[in-house]
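Structure assessment
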Amino acid sequence: MSSIMIPSPLPSPTQDSEKLKKAFQGLSLSHFLNLYILGHREANQRMKICQAYQQLYNESLIDRLKSELSGDFGKAMVLWAMDPPKRDAKLAKDALKKKGTVKHLSVIIEIACAPIPNHLIAFRQAYCSLYYCSLEEDIALHVDQPLRKLLVGMVSSYRYDREEVDETVAKSEADLLHDAIEKRNLDQEQVIWILSTRNRFQLKATFNCYQQDYGKPVDQDIKDCSDSDFATLLRTAVVCIDSPEKHFAEVIKSSVNGLGTDESSLTRAVVTRAEIDLLKIKEEYQKIYDTSLLDAVAKDTSGDYKKFLVALIGDGKLKWFG
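Reading the values: rules and limits
- Residues numbered from 1 in each chain as written.
- Predicted model: local features only at pLDDT ≥ 70, side-chain atom pairs only at ≥ 80, totals over all residues.
- Heavy atoms only, no water.
- pLDDT = per-residue confidence, 0-100.
- Contact = heavy atoms within 4.5 Å.
- Phe/Tyr/Trp six-rings, centres within 6.5 Å; stacked < 30°, edge-to-face > 60°.
- Helix = DSSP H or I, 4+ residues; strand = E, 2+ residues; numbered from the N terminus.
- Buried < 20%, exposed > 50% of the residue type's maximum accessible area, 1.4 Å probe, protein only.
- Lys NZ or Arg CZ within 6 Å of the ring centre and 35° of its normal.
- Axes fitted to C-alpha atoms, helices over the stretch in contact; angles between N-to-C directions.
- Parallel < 35°, antiparallel > 145°, perpendicular 65-115°, else oblique.
- Left-handed = near helix turned anticlockwise from the far one by under 90°.
- Nonpolar A, V, L, I, M, F, W, Y, C, P; charged D, E, K, R; others polar.
- Expected span 1.5 Å × (residues − 1).

1. Regarding the confidence of the model for the protein
Should the pLDDT be low somewhere, the predicted coordinates at that spot are not to be read in detail. Considering every residue of the protein, the mean pLDDT works out to 90; 93% of them sit at 70 or more. Predicted confidence for residues 318-322 stays below pLDDT 50, and this span has 13 contacts to residues more than four positions away or in other chains.

2. So, the packing of aromatic side chains
Under the counting rule described, the total for this entry stands at 6 aromatic pairs. Ring geometry for Phe73 and Phe308: centres 6.1 Å apart, planes at 75 degrees, overall edge-to-face. One end of the pair, Phe73, is in helix α5 (residues 71-81); the other, Phe308, is in helix α20 (residues 303-313), and 235 residues separate them in sequence. Phe308 sits in the buried class, given a relative accessible area of 0%. Ring geometry for Tyr210 and Tyr214: centres 5.1 Å apart, planes at 50 degrees, overall tilted. In this pair, Tyr210 and Tyr214 both sit in helix α13 (residues 200-214), 4 residues apart, roughly one turn of the helix. Residue classification places Tyr214 among the partly exposed positions, given a relative accessible area of 29%. Among the aromatic residues, ring-to-ring pairing joins Phe24, Tyr53 and Tyr57 into one connected group. The ring of Tyr57 carries the charged tip of Lys21 above its face, separated from the ring centre by 5.0 Å.

3. Notes on the packing of helix α10 (residues 147-155) against helix α12 (residues 189-197)
In contact at an axis separation of 9 Å, α10 and α12 are set at 25 degrees when each is read in the N-to-C sense. Between α10 and α12, the angle is such that the two are roughly parallel. Considering how the two elements wind past one another, α10 and α12 form a crossing that is right-handed. Contacts between α10 and α12 involve Lys149, Leu150, Gly153 and Met154 on the former and, on the latter, Glu189, Ile192, Leu195 and Ser196. By residue class, the composition of the contact of α10 with α12 is 4 nonpolar, 2 polar and 2 charged.

4. Focus: helix α8 (residues 117-131)
Helix length check: α8, at 15 residues, gives a terminal C-alpha distance of 22 Å against a target of 21 Å (1.5 Å per residue), a fit within 8%. On its buried side, α8 packs onto α6 (84-97), α7 (102-112), α9 (135-142) and α10. Following α8 by one or two positions, Tyr132 adopts a phi angle in the positive range, close to 60 degrees.

Here it is as structure tokens:
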């Protein structure tokens with residue numbers, strides 16, 4: 001459920017590239033054209049623009065954006081223009097550089113819980129290509145046990161992607177999860193194995209069984225059981241699999257809530273989910289917090305950064321207002 005609005009008729013990648021080049025040369029309103037062209041193009045269309053720009057001008061569009069734009073707007077625009085697997089590889093690398101803090105490691109869990117198994121494979125391949133080592137190697141280098149065990153399990157998985165569920169297994173594994181929570185033994189092998197190998201349909205069935213049998217969502221019981229780093233990451237995995245819109249609504253709320261904006265988290269949530277489920281996230285945000293996600297973001301940001309995020313969130317218009 002993409003929130004991106006695409007113009008009709010759609011200009012060719014060559015036409016878009018020529019307009020961007022003129023913008024960089026100062027012959028028109030640079031930021032406006034960047035917003036209009038890239039903020040209203042899907043991933044495949046942006047990739048074709050990057051290819052056309054390279055062929056026409058023998059330079060990387062991504063590199064040019066980096067040199068022309070700055071601040072939070074520049075960072076958001078560069079992330080948006082990147083190929084999604086490479087973008088996720090960069091986000092994972094940046095997260096590991098933050099000395100393994102749980103807030104940043106949650107980024108890797110978000111990526112690992114992608115609903116399309118092939119995206120996880122492409123992401124891992126992009127990581128190897130960009131950083132000359134596997135993601136698992138970098139996790140082992142930067143993250144201690146037991147967090148390492150959970151992260152490696154999650155990123156190494158290739159989940160079966162068909163809607164087939166075994167209710168007997170769901171019941172059995174719901175009981176196992178409950179027993180681990182009751183005994184405060186969350187990092188046991190079986191818990192990690194269930195979360196990192198079962199497909200999302202089977203896991204959703206397990207989570208449903210858990211709530212029916214024990215009266216509370218499994219993520220809530222994990223949260224009540226422990227505030228350890230491992231429990232926090234485990235809960236993130238559960239929510240990202242069961243209800244990613246809930247997780248990203250929480251990320252956005254925490255990023256705009258308080259004295260200062262957490263621009264990196266806000267940018268990541270909007271940019272990475274705009275073509276996946278941002279419409280669902282908007283609905284979930286409204287339901288949980290009784291306010292519009294668009295209004296919350298618009299009130300907490302400004303300038304070109306605000307205009308760009310509004311474009312990705314979708315305000316129903318192919319234009320921007322200051």
